[in-house]
Protein chains: 2
Amino acid sequence: MTSQCYKYLVVTNLVPDVHNPACPTRVVLDRIGDRWTSLVVLNLLDGPLRFTRLRAAIGGVAPKVLTQTLRAMERDGLLHRTVHAEVPPRVDYELTALGRSLSTPIQAITDWAEAHVTDVEAARAEYDAAREDR
Amino acid sequence: MTSQCYKYLVVTNLVPDVHNPACPTRVVLDRIGDRWTSLVVLNLLDGPLRFTRLRAAIGGVAPKVLTQTLRAMERDGLLHRTVHAEVPPRVDYELTALGRSLSTPIQAITDWAEAHVTDVEAARAEYDAAREDR
DNA sequence: CAGTATCCCATCAGATACTG
DNA sequence: CAGTATCTGATGGGATACTG
């Protein structure tokens, strides 16, 4: 149920800490592994955006889902949500320093992906071809 | 439906490539964002393991799920699966060079998590406390 | 404009039992 | 030993319509 905690694995090669409910790396993977969080981070790096602009910048995200994503990120301290007392309403989303710092691991993933996606796709094609021969 | 591709976002700030079905970063996030792949990578860094040993090393993963994970990783060229013609059967799982290289972005995530998990948890506590006051 | 409210589905993941 | 088969539930994500 609970998984090994990466911290102890990487640092000391210890046995699984089965009763650790909040493995740091698991927390982060659950967040940036979702569909939209990393795109939100990248799109807000240049400065704050309001809801509709952000949604258009990302593309293809339903308003409900974007709201969920932004609320979760706000809760985690990754961004600030600022409601301006205007009509029509204006809400700005801006990364915190913590949120901006998340671009480092995201960039590491993007870099790896760019460098190796052709290898992955070749491997998939080969694997699938081998299975088709039967 | 299809999301913006990270490549064009990061490199050129272009508009969403809505019809790109295989955004490299999306492919990678879908893989390492799952529950077990990154733990498999970390546990195989020191050398090959057979199924049951790997399962014990990771801890808490059902055999069906581990098999799914390993098959997907094999298909992506991240590891080799070697069946020895013995009784009882012996199957070794060993990372490829590609699989080992994946430890770089995984490590970037782990590092970020270790460095900032207290910030995230503090933000969560604050957020939840603020909501409870009503 | 910035969301909510509903409904819905696919997928992931786990539990459990069984097998070549 | 190294899986497969089956069932099940949780959750993430999406479509659509509506509202303060």
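Read on for an overview of the structure. (Residues numbered from 1 in each chain as written. Chains lettered and ligands numbered in written order. Predicted model: local features only at pLDDT ≥ 70, side-chain atom pairs only at ≥ 80, totals over all residues. Heavy atoms only, no water.)

Where charged atoms from two side chains of opposite charge come close, those side chains can pair. All names here are of chain A. This model, assessed by the stated rule, comprises 12 salt bridges over all chains. Residue R31 pairs with D76 through a salt bridge whose shortest N-O separation is 2.6 Å. With a gap of 45 residues between them, R31 in helix 2 (residues 24–32) and D76 in the loop between helix 5 (63–75) and strand 2 (79–84) connect regions that are remote in the sequence. Here R31 matches D76 in class, with each residue buried. With its nearest N and O atoms 3.7 Å apart, the salt bridge here joins D92 to R90. R90 sits in the partly exposed class, given a relative accessible area of 28%. (Salt bridge = Lys/Arg side-chain N within 4 Å of Asp/Glu carboxyl O. Helix = DSSP H or I, 4+ residues; strand = E, 2+ residues; numbered from the N terminus. Buried < 20%, exposed > 50% of the residue type's maximum accessible area, 1.4 Å probe, protein only.)

Moving on: the interface of chain B and chain A. Interface size is commonly expressed as the accessible area that is lost once the parts come together. Taken together, the contact between chain B and chain A spans 60 residues of the former and 60 residues of the latter. Together, the buried faces of chain B and chain A total about 5200 Å²; carbon and sulfur atoms form 62% of this surface. Linking chain B with chain A are six salt bridges. Between D30 of chain B and R35 of chain A there is a salt bridge, and its shortest N-O distance comes to 3.8 Å. Summed over the shared surface of chain B and chain A, the number is 12 residue pairs in polar contact (both at pLDDT 80 or more). Of all the secondary-structure elements, those providing two or more residues to the side of chain B that touches chain A are helix 1 (6–12), helix 2 (24–32), helix 3 (37–44), helix 4 (51–58), helix 5 (63–75), helix 6 (97–101) and helix 7 (103–132) of chain B. Looking at the side of chain B that touches chain A residue by residue, the classes come out as 29 nonpolar, 15 polar and 16 charged. (Contact = heavy atoms within 4.5 Å. Buried area = accessible area lost by both parts, 1.4 Å probe. Polar contact = N/O pair within 3.5 Å; in protein donor to acceptor, adjacent residues only side chain to side chain. Nonpolar A, V, L, I, M, F, W, Y, C, P; charged D, E, K, R; others polar.)

Attention shifts here to the sheet that holds strand 3 (residues 90–95) of chain A. Residue and element names in this part refer to chain A. Sheet architecture is open: three strands sit in the order 1-3-2, paired in antiparallel fashion. The open sheet has two edge strands with one neighbour each: strand 1 (49–50) and strand 2. One ladder, built from six bridges, connects strand 2 with strand 3; its direction is antiparallel. Its bridge partner being in strand 3, R81 is matched across the sheet by Y93. This element, helix 3 (residues 37–44), spans strand 1, strand 2 and strand 3 of the sheet and lies at about 95 degrees to strand 3. Along the sheet, helix 5 makes contact with strand 2 and strand 3, crossing strand 2 at roughly 115 degrees. (Pairing = 2+ DSSP bridges. Axes fitted to C-alpha atoms, helices over the stretch in contact; angles between N-to-C directions.)

Let us now look at the protein's contact with DNA strand D. Close to DNA strand D lie 20 residues, the nearest being W36 and K64 of chain A together with R50, R81 and Y93 of chain B. Sugar plus phosphate, as a fraction of atoms of DNA strand D within 4 Å of the protein: 63%. Separating a base oxygen of DNA strand D from a side-chain N or O atom of K64 of chain A is a distance of 2.3 Å. Between DNA strand D and the protein, one listed contact pairs a phosphate oxygen with a side-chain N or O atom of R71 of chain B at 3.2 Å. Here the residues of the surface near DNA strand D are counted per class, giving 10 nonpolar, two polar and eight charged. (Near = heavy atom within 4 Å.)

With that settled, consider the packing of helix 7 (residues 103–132) of chain A against helix 7 of chain B. In the contact formed by helix 7 of chain A and helix 7 of chain B, the axes pass within 8 Å of each other and the chain directions differ by 175 degrees. Regarding the angle of helix 7 of chain A to helix 7 of chain B, the classification is roughly antiparallel. Across the interface between the two elements, P105, A108, I109 and W112 of chain A of helix 7 of chain A pack against P105, A108, I109 and W112 of chain B of helix 7 of chain B. The residue makeup of the contact of helix 7 of chain A with helix 7 of chain B, split by class, is eight nonpolar, no polar and no charged. (Parallel < 35°, antiparallel > 145°, perpendicular 65-115°, else oblique.)

Our focus in this paragraph is the protein's contact with DNA strand C. Residues in contact with DNA strand C amount to 20 residues; listed here are only the nearest, R50, R71, R81 and Y93 of chain A together with K64 of chain B. Close to the protein, within 4 Å, the atoms of DNA strand C belong to sugar or phosphate groups at a rate of 65%. Here R71 of chain A contributes a side-chain N or O atom positioned 2.7 Å from a phosphate oxygen of DNA strand C. Between DNA strand C and Y93 of chain A, the relevant distance is 2.6 Å, taken from a phosphate oxygen to a side-chain nitrogen or oxygen of the residue. Examining the composition of the surface near DNA strand C, we find that four residues originate from one element, helix 5 of chain A, more than from any other. Here the surface near DNA strand C is composed, by residue class, of 10 nonpolar, two polar and eight charged.

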